[in-house]
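Analysis of the macromolecular model
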Amino acid sequence: MGGAGFIGSHTVDELLRRGARVAIVGRSTAKEYKKAGKHLNPRAKFYNADGASAADMKRVFKKVKPDFVMNFAALTDIPLAIREPLRDAESILIVINILENAVRFGSKKILHASSGFIYGNAKRIPTPETEPPQLTNPYAISKMACENYLKFFNAQYGLAFVALRYASVYGPRRKTGAIPYYIRQIIRGKPVEIYGKKTRDCIFISDVVRANLLAFEKSIDGTEPIFNIGSGQETDLIKLHAVIKKFLGKPQAKAQRLNTRPGEVDRMRLDIQKAKKVLGFKSVVGLEDGLRQTVEWYFADSTKR
């Protein structure tokens, strides 16, 4: 699920490059995805199906009988999830349908895209996996619920899983979130609105793809298969704005601090020692290099439209 989205499409590309056979499930047709600017690799087999529909998912699993399943489907707009919780709750239905059919058709392992935002405003910075969740918004609530279903199906049926709690993922192909918003506002000559004194652990997409494949390849024994995936660095959003405007050649661009909004996370820096020790994962793309690549892609993509 989610193989035409931001993280999913990059992961699909790498899987295909390595010779894997890949099937993608999405609720739009391939033509609609292309029109919407989604990145649907033509070498992957595409199935137009609704992940929240038990009948649709059973039909796809029966046809494909996948050995391994990756789920990247989620509503990534946290303010929208706060306004419309039902839209975010659909993520839980998708995971349940995946798990039930994985058991029914003999899948070996599930990878689920979780989120470091489940820690909320954590007391410990950097934040380890053992930190108690602070479920401050529907997005975090659904992510935690999905992890609990993964644990249940593992205990009940022996279905192997790994859940990766991503930090703030950025890079080419992402069109929502803080960094794409900053780029658009700066280009338009409009101030960037920053709510509260926020920091983020920013991780580049190629690092996340590598973490995804390491998590699938490694045999994880003797530890809970839940890992933080981040850069391990904490970046103030004002600094983020400054780096982006430098690459855009807009030194005069302004950032406007506003009052913080309810349900949002103020600080984020994930402790990635567990992923480093068990998976052999370490972020290798620096912030400035990643932002430069992101800005270059944004301009290249804009010229195609």
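Attention here is on the structure that accompanies the text. (Residues numbered from 1 in each chain as written. Predicted model: local features only at pLDDT ≥ 70, side-chain atom pairs only at ≥ 80, totals over all residues. Heavy atoms only, no water.)

**Focus: the sheet that holds strand 3 (residues 68–71)**
As a reminder, the rule being used: Pairing between two strands requires that DSSP report at least two bridges joining them. Labels follow the DSSP assignment, with helices taken as runs of H or I lasting at least four residues and strands as runs of E lasting at least two, numbered in each case from the N terminus. Note on geometry: axes are C-alpha line fits, over the in-contact stretch for helices, and angles between N-to-C directions span 0 to 180 degrees.
Ordered in space as 3-4-5-10, the 4 strands form an open sheet in which the pairing is parallel. Edge strands, defined here as strands with exactly one partner in the open sheet, are strand 3 and strand 10 (226–229). In this sheet, neighbouring strand axes are inclined to one another by 20° on average, regardless of whether the strands run parallel or antiparallel.

**With respect to the nonpolar core**
To keep things clear, this is the line we draw: For our purposes a nonpolar core is just a set of buried Ala, Val, Leu, Ile, Met, Phe, Trp, Tyr and Cys residues, chained together by side-chain atoms within 4.5 Å. Three exposure classes are used, based on accessible area relative to the maximum for each residue type with a 1.4 Å probe and protein chains only: buried under 20%, partly exposed in between, and exposed over 50%. We call two residues in contact when some of their heavy atoms are within 4.5 Å.
Ranked by size, the top nonpolar core spans 70 residues in total, and within it Leu-111, Tyr-166, Ile-229, Leu-240 and Ile-244 carry the most contacts. Beyond its immediate chain neighbours, meaning those up to four positions away, Ile-229 contacts Leu-164, Arg-165, Tyr-166, Ala-167, Ile-203, Ala-211, Leu-270, Ile-272, Ala-275 and Phe-281. In this structure, Ala-49, Val-69, Ile-92 and Ala-163 belong to the second largest nonpolar core, which totals 26 residues.

**What to know about the pattern of salt bridges**
Keep this limit in mind: A side-chain nitrogen of Lys or Arg and a carboxyl oxygen of Asp or Glu constitute a salt bridge if their distance falls within 4 Å.
Counted under the stated rule, the structure contains 19 salt bridges. Ionic pairing is found between Glu-217 and Arg-18, a salt bridge with its closest N-O pair at 2.7 Å. Separated by 199 residues along the polypeptide, Glu-217 in helix 8 (residues 205–217) and Arg-18 in the loop between helix 1 (6–17) and strand 1 (23–26) bring together distant segments of the chain. Its relative accessible area of 52% is what places Glu-217 among the exposed residues. Of the charged contacts, one joins Arg-27 and Asp-50 as a salt bridge, the two residues approaching to 3.3 Å between their closest N and O atoms. Note that Arg-27 is positioned in the loop between strand 1 and helix 2 (30–35) and Asp-50 in the loop between strand 2 (45–48) and helix 3 (54–64), a separation of 23 residues in sequence. The exposure class of Arg-27 is partly exposed, given its relative accessible area of 45%. Sharing partners across several salt bridges, the network here consists of Glu-14, Arg-17, Arg-18 and Glu-217.

**What about the packing of aromatic side chains?**
Let me state the cut-off plainly: For this analysis, a ring pair means two rings from Phe, Tyr or Trp (six-membered ring only for Trp) whose centres lie within 6.5 Å, classed as stacked if their planes differ by under 30 degrees, edge-to-face if by over 60, and tilted for the remaining angles.
Considering all chains together, one arrives at 6 aromatic pairs under this definition. A centroid spacing of 5.3 Å and a plane angle of 55° characterise the contact between Phe-68 and Phe-216, whose relative ring orientation is tilted. Of this pair, Phe-68 sits in strand 3 while Phe-216 sits in helix 8, and the two are 148 residues apart along the sequence. Residue Phe-216 is classed as buried on the basis of its relative accessible area of 16%.

**What to know about the environment of Ile-92**
Assignment of secondary structure puts Ile-92 in helix 5 (residues 85–104). Remark: the alpha-carbon pair of Ile-92 and Ser-142, spanning 50 residues in sequence, is separated by 6.1 Å. Beyond its immediate sequence surroundings of up to four residues, Ile-92 is in contact with Ser-142, Ala-145, Cys-146 and Tyr-149.

**Observations concerning a positive patch on the surface**
Selection rule: In this analysis, a patch consists of residues with relative accessible area above 30% that form no salt bridge, clustered at 9 Å for like charges and at 5 Å for the nonpolar side chains Val, Leu, Ile, Met, Phe, Trp and Tyr. The accessible surface values rely on the Shrake-Rupley method and a 1.4 Å probe; as for residues, cover is taken only from the protein chains in view. This count recognises Lys and Arg as positive and Asp and Glu as negative, with His and chain-terminal groups excluded. The atom standing in for a charge is NZ when the residue is Lys, CZ when it is Arg, CG when it is Asp and CD when it is Glu.
Side chains of Lys-58, Lys-62, Lys-65 and Arg-104 sit close together on the surface and give a patch of like positive charge. Given a relative accessible area of 48%, Lys-65 falls into the partly exposed group.

**Quick look at the packing of helix 1 against helix 8**
What counts, and what does not: Each crossing is labelled by how the near helix is turned from the far one, with a counterclockwise turn of less than a right angle marking it left-handed and a clockwise turn marking it right-handed. For this classification, Asp, Glu, Lys and Arg are treated as charged, while Ala, Val, Leu, Ile, Met, Phe, Trp, Tyr, Cys and Pro are nonpolar and the rest, including Gly, are polar.
At a closest axis distance of 9 Å, the pairing of helix 1 and helix 8 adopts a crossing angle of 60°. Pair helix 1 / helix 8 crosses with right-handed handedness. Residue-level contacts link Phe-6, Ile-7, His-10, Thr-11, Glu-14 and Leu-15 of helix 1 to Ile-205, Val-208, Val-209, Asn-212 and Leu-213 of helix 8. By residue class, the composition of the contact of helix 1 with helix 8 is 7 nonpolar, 3 polar and 1 charged.

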